[in-house]
Amino acid sequence: MKRILFIFRNPPYGNSTSSEGLDLLLGASVFEFELSLAFIDDGVFQIKYNQQTDPLGLKNFSAILAALPHYGIEHIYVEQESLQKRGLLQTDLIIETKLISAALLSDQIISSDFVFHF
Amino acid sequence: MTNSGEILTEKGYLKRFSDWNLEIAKMLAEREGLVLTEQHLEILRVLRGFYQKYQRTPTMRALSKEISLVLNAEKSSSLYLFELFPNGPIQQGCKIAGLPRPAHCL
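Draft legend 1. Molecular detail of the packing of helix α3 (residues 38–54) of chain B against helix α4 (residues 60–70) of chain B. Residue and element names in this part refer to chain B. Running from amino to carboxyl end, α3 crosses α4 at an angle of 110 degrees, the nearest separation of the two axes being 10 Å. Judged by the inter-axis angle, α3 sits roughly perpendicular to α4. Across the interface between the two elements, Ile 43, Val 46, Leu 47, Phe 50, Lys 53 and Tyr 54 from α3 touch Ala 62, Leu 63, Glu 66, Ile 67 and Val 70 from α4. Residue composition of the contact of α3 with α4, grouped by class: nine nonpolar, no polar and two charged.

The following block contains the structure:
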């Protein structure tokens, strides 16, 4: 089974990068791939708890991230330092994640067959 | 009942999620040639619950999972769901549940 790693490094709103990445991720979940997901840099804001998008007139597309296990996506990583630098704790996140160091993330990248970067 | 043209999109989807009620569900089902039963309704409620929580229409896999969590595993099988919604639990189910048209077709 091919291993695909999705890396999200952009904040959830401001442009459509993150939401397009999410579309691809959920689309890929229909097929037989082993999917992993990593949030780094401002990407960690995508899984921040309690996002208020109504004043922006936008849909809270991150809400679906809480349902990732429904899609068979079980390996969800957050890069440690990215979280720390933004003053966030794992308990501020809408989904259970594994903390990972930048070095371990490189290993994940190397061991994946494909890496998508949004 | 209001004229369906006012509350439905051109493709027959409910314009506003919050407009949904039993009467509207029956009307939408009738347009699909289905007579709603309690079995249909419990699936429709799961679909609406999913959309409310996660702000997105589920794929088949995600719907099955949600049904097995909210109802039970037997009701999450494709076979059972296709018996209830012959034109597709997602496509037809979302329509009758008052969800927007699924962006994906998988």
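Draft legend 2. Layout of helix α1 (residues 17–28) of chain A. Between its first and last C-alpha, α1(A) extends 17 Å over twelve residues, near the 16 Å set by a 1.5 Å rise per residue. On its buried face, α1(A) is in contact with β1 (3–8) and β2 (34–39) of chain A.

Draft legend 3. Structural view of the side chain of His40(B). Residues and elements named next belong to chain B. Tracing the sequence through the fold places His 40 in helix α3. Side-chain polar atoms of His 40 contact the side chain of Thr 37, separated by 2.9 Å. Excluding anything up to four places from it in sequence, His 40 contacts Val 35, Leu 84 and Phe 85.

Draft legend 4. The pattern of salt bridges, seen in detail. This structure, assessed with the given rule, holds ten salt bridges over all chains. A salt bridge links Glu34(A) to Arg3(A); the nearest nitrogen and oxygen atoms lie 3.6 Å apart. Here the residue Glu34(A) occupies a position in strand β2, and Arg3(A) occupies one in strand β1, the gap between them amounting to 31 residues. Accessibility expressed as a relative area gives 22% for Arg3(A), which makes it partly exposed. We note a salt bridge from Asp19(B) to Arg16(B), for which the minimum N-O separation is 3.1 Å. With a relative accessible area of 22%, Asp19(B) lands in the partly exposed category. In this structure Arg16(B) comes out as exposed when scored by relative accessible area, which is 51%.

Draft legend 5. Up close: the sheet that holds β2(A). Residue and element names in this part refer to chain A. Ordered by their spatial adjacency, five strands build an open sheet running β4-β3-β2-β1-β5, and the pairing between neighbours is parallel. Two strands bound the open sheet, and with one partner strand each, they are β4 (98–100) and β5 (114–117). Averaged over all pairs of adjacent strands, the angle between their axes in this sheet comes to 25 degrees, without regard to strand direction. Of the pairings in the sheet, the one linking β1 to β2 comprises six bridges and is parallel in character. Each residue of the ladder has a partner; that of Ile 7, found in β2, is Ala 38. Lying on the sheet, α1 is in contact with β1, β2 and β5; it crosses β1 at an angle near 160 degrees.

Draft legend 6. Structural context of unusual backbone geometry. A positive phi angle is found at Asn50(A), which is not glycine, with a value near 60 degrees. Checked against the element boundaries, Asn50(A) lands in the loop between β2 and β3 (75–79). Residue classification places Asn50(A) among the exposed positions, given a relative accessible area of 51%. Positive phi, close to 60 degrees, is recorded for Gln55(B), a residue that is not glycine. Following the sequence through the fold, Gln55(B) ends up in the loop between α3 and α4. Look at Gln55(B) and you get partly exposed, because its relative accessible area is 26%.

Draft legend 7. Representation of the interface of chain B and chain A within the structure. Taken residue by residue, the interface counts 15 residues in chain B and 15 residues in chain A. Taken together, both faces of the contact between chain B and chain A bury some 1,300 Å²; the carbon and sulfur share is 60%.

Draft legend 8. Main features of the confidence of the model for chain B. Mean pLDDT for chain B: 91, with 94% of residues reaching 70 or above. Interface scoring of the predicted complex returns ipTM 0.80; its pTM is 0.86.

Draft legend 9. The side chain of Asn60(A), seen in detail. Looking at the element boundaries, Asn60(A) is found in the loop between β2 and β3. Exposure remark for Asn60(A): the relative accessible area of 17% places this residue in the buried category. Apart from the residues within four sequence positions on either side, Asn60(A) is in contact with Tyr13(A), Gln51(A), Thr53(A) and Gln55(B).

Calculation rules
- Residues numbered from 1 in each chain as written.
- Chains lettered and ligands numbered in written order.
- Predicted model: local features only at pLDDT ≥ 70, side-chain atom pairs only at ≥ 80, totals over all residues.
- Heavy atoms only, no water.
- Axes fitted to C-alpha atoms, helices over the stretch in contact; angles between N-to-C directions.
- Helix = DSSP H or I, 4+ residues; strand = E, 2+ residues; numbered from the N terminus.
- Parallel < 35°, antiparallel > 145°, perpendicular 65-115°, else oblique.
- Contact = heavy atoms within 4.5 Å.
- Nonpolar A, V, L, I, M, F, W, Y, C, P; charged D, E, K, R; others polar.
- Expected span 1.5 Å × (residues − 1).
- Polar contact = N/O pair within 3.5 Å; in protein donor to acceptor, adjacent residues only side chain to side chain.
- Salt bridge = Lys/Arg side-chain N within 4 Å of Asp/Glu carboxyl O.
- Buried < 20%, exposed > 50% of the residue type's maximum accessible area, 1.4 Å probe, protein only.
- Pairing = 2+ DSSP bridges.
- Buried area = accessible area lost by both parts, 1.4 Å probe.
- pLDDT = per-residue confidence, 0-100.

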